[in-house]
Amino acid sequence: MAAKADTTETDGRRLRADESRRRIAQAMLDLVLEGEVTPSAETVAERAGVGRRTVFRLFNDMEGVYREMHAIMVARLAPMFAAPFDGATWRERLDEVIERRARMFEEMLPIKSAADAHRYRSAFLQNEHKKLTRLQRQTMLAVLPEAVAAQTERVEALDLALSFEVWRRLRQEQRLPPRQAAAVLRRIVRALMG
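Rules and cut-offs
Residues numbered from 1 in each chain as written. Predicted model: local features only at pLDDT ≥ 70, side-chain atom pairs only at ≥ 80, totals over all residues. Heavy atoms only, no water. Core = buried A, V, L, I, M, F, W, Y, C linked by side-chain atoms within 4.5 Å. Buried < 20%, exposed > 50% of the residue type's maximum accessible area, 1.4 Å probe, protein only. Helix = DSSP H or I, 4+ residues; strand = E, 2+ residues; numbered from the N terminus. Contact = heavy atoms within 4.5 Å. Axes fitted to C-alpha atoms, helices over the stretch in contact; angles between N-to-C directions. Left-handed = near helix turned anticlockwise from the far one by under 90°. Nonpolar A, V, L, I, M, F, W, Y, C, P; charged D, E, K, R; others polar. Salt bridge = Lys/Arg side-chain N within 4 Å of Asp/Glu carboxyl O. Phe/Tyr/Trp six-rings, centres within 6.5 Å; stacked < 30°, edge-to-face > 60°. Lys NZ or Arg CZ within 6 Å of the ring centre and 35° of its normal.

Student: Honestly, the nonpolar core in this entry has me stumped. Any pointers?
Tutor: Ranked by size, the top nonpolar core spans 49 residues in total, and within it Ile24, Leu94, Met108, Leu144 and Trp167 carry the most contacts. It is helix α5 (residues 90-118) that provides the largest number of residues to this core, a total of eleven residues. Tryptophan 167 has contacts with Ala102, Phe105, Glu106, Leu109, Pro178, Ala181, Ala182 and Leu185, leaving out every residue within four places of it along the chain.

This is the structure:
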């Protein structure tokens, strides 16, 4: 009976720790979305409704926070990545790629920009950046006909044009609103596809 009570108590502590970990990651994510690239532990703890010591106890390093934040963003964006394309032609599907990227990139913009600021100090963020870039390229290639996919320079130009880095430049440096930034992407793709 005592062993069962110990297990229940341990499971309860684990559940509370998991919930606190999620709240801390969500608080960090919210703060970054609000424009704080590197929120302090005090600010994160206050937003999460936990003590500052809890933040340090549950996350030994920033890699753990990045992992939790990443899991939240993946859960949010996965349906957009996984949805089948509706277009009947490859050109229609390529236009869908542009629209989806515009929506995803817009949602990712503050988080990915903050992550990129820390990426060179984080093996986890470097790895996830490579995965995302690879996934975006594979998605693009999947909609192109073989004759277009075989044109190396055209594929490289398309891959660059449809990258997060181009979206960030259009939105942040060129200060275009999302709709206009998406229109610019469509124009670039049309020019590339001739």
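Student: Would you mind going over the packing of α5 against helix α10 (residues 178-193) with me for this structure?
Tutor: Between two packed helices, what matters for the description is the angle formed by their axes and the separation of those axes. Between α5 and α10, the least distance of the axes is 10 Å, while the angle of their chain directions is 145 degrees. Seen along the crossing, α5 lies across α10 with a hand that is right-handed. Of the residues in α10, those in contact with Trp90, Arg91, Leu94, Asp95, Ile98, Glu99, Ala102 and Glu106 of α5 are Pro178, Ala182, Leu185, Arg186, Val189 and Met193. Across the contact of α5 with α10, the residue classes break down as nine nonpolar, no polar and five charged.

Student: Sorry, what's going on with the pattern of salt bridges here?
Tutor: Pairing between side chains of opposite charge can happen when their charged atoms approach one another. In this structure the tally under the stated criterion is 14 salt bridges. The salt bridge partner of aspartate 18 is arginine 21, with a shortest N-O separation of 3.0 Å. With aspartate 18 and arginine 21 both in helix α1 (residues 2-33), this residue pair falls three residues apart, about one helical turn. Among the salt bridges present, the one from arginine 22 reaches glutamate 19, with a minimum N-O distance of 3.5 Å. Of the two residues, arginine 22 and glutamate 19 are both situated in helix α1; the distance of three residues between them amounts to about one turn of the helix. Overall, glutamate 19 belongs to the partly exposed group, its relative accessible area being 34%. What you see here is one network of salt bridges that share partners, running through Lys112, Asp116, Arg119 and Arg168.

Student: I would appreciate a short explanation of the packing of aromatic side chains in the present structure.
Tutor: In this description, a pair of aromatic rings is defined by centroid distance and the angle of the planes. Within the structure shown, the criterion is met by one aromatic pair. Pairing phenylalanine 105 with phenylalanine 164 gives two aromatic rings, centres 5.5 Å apart and planes at 85 degrees, and the pair type is edge-to-face. Placement of phenylalanine 105 in helix α5 and of phenylalanine 164 in helix α9 (residues 164-173) is noted, with a sequence separation of 59 residues between them. Like phenylalanine 105, the residue phenylalanine 164 is buried in the burial classification. The positively charged end of arginine 100 is found above the aromatic ring belonging to phenylalanine 85, 4.1 Å away from the centroid.

Student: Please explain the environment of glutamate 128 as it appears in this structure.
Tutor: Tracing the backbone shows glutamate 128 in helix α6 (residues 123-143). Considered as a pair, glutamate 128 and histidine 70 are 58 residues apart in the sequence and their alpha carbons are 8.7 Å apart.

Student: What is the right way to read the environment of arginine 103 from this model?
Tutor: Among the secondary structure elements, arginine 103 is positioned in helix α5. Considering only alpha carbons, one finds arginine 103 and proline 178, 75 residues apart in sequence, at a separation of 8.4 Å.

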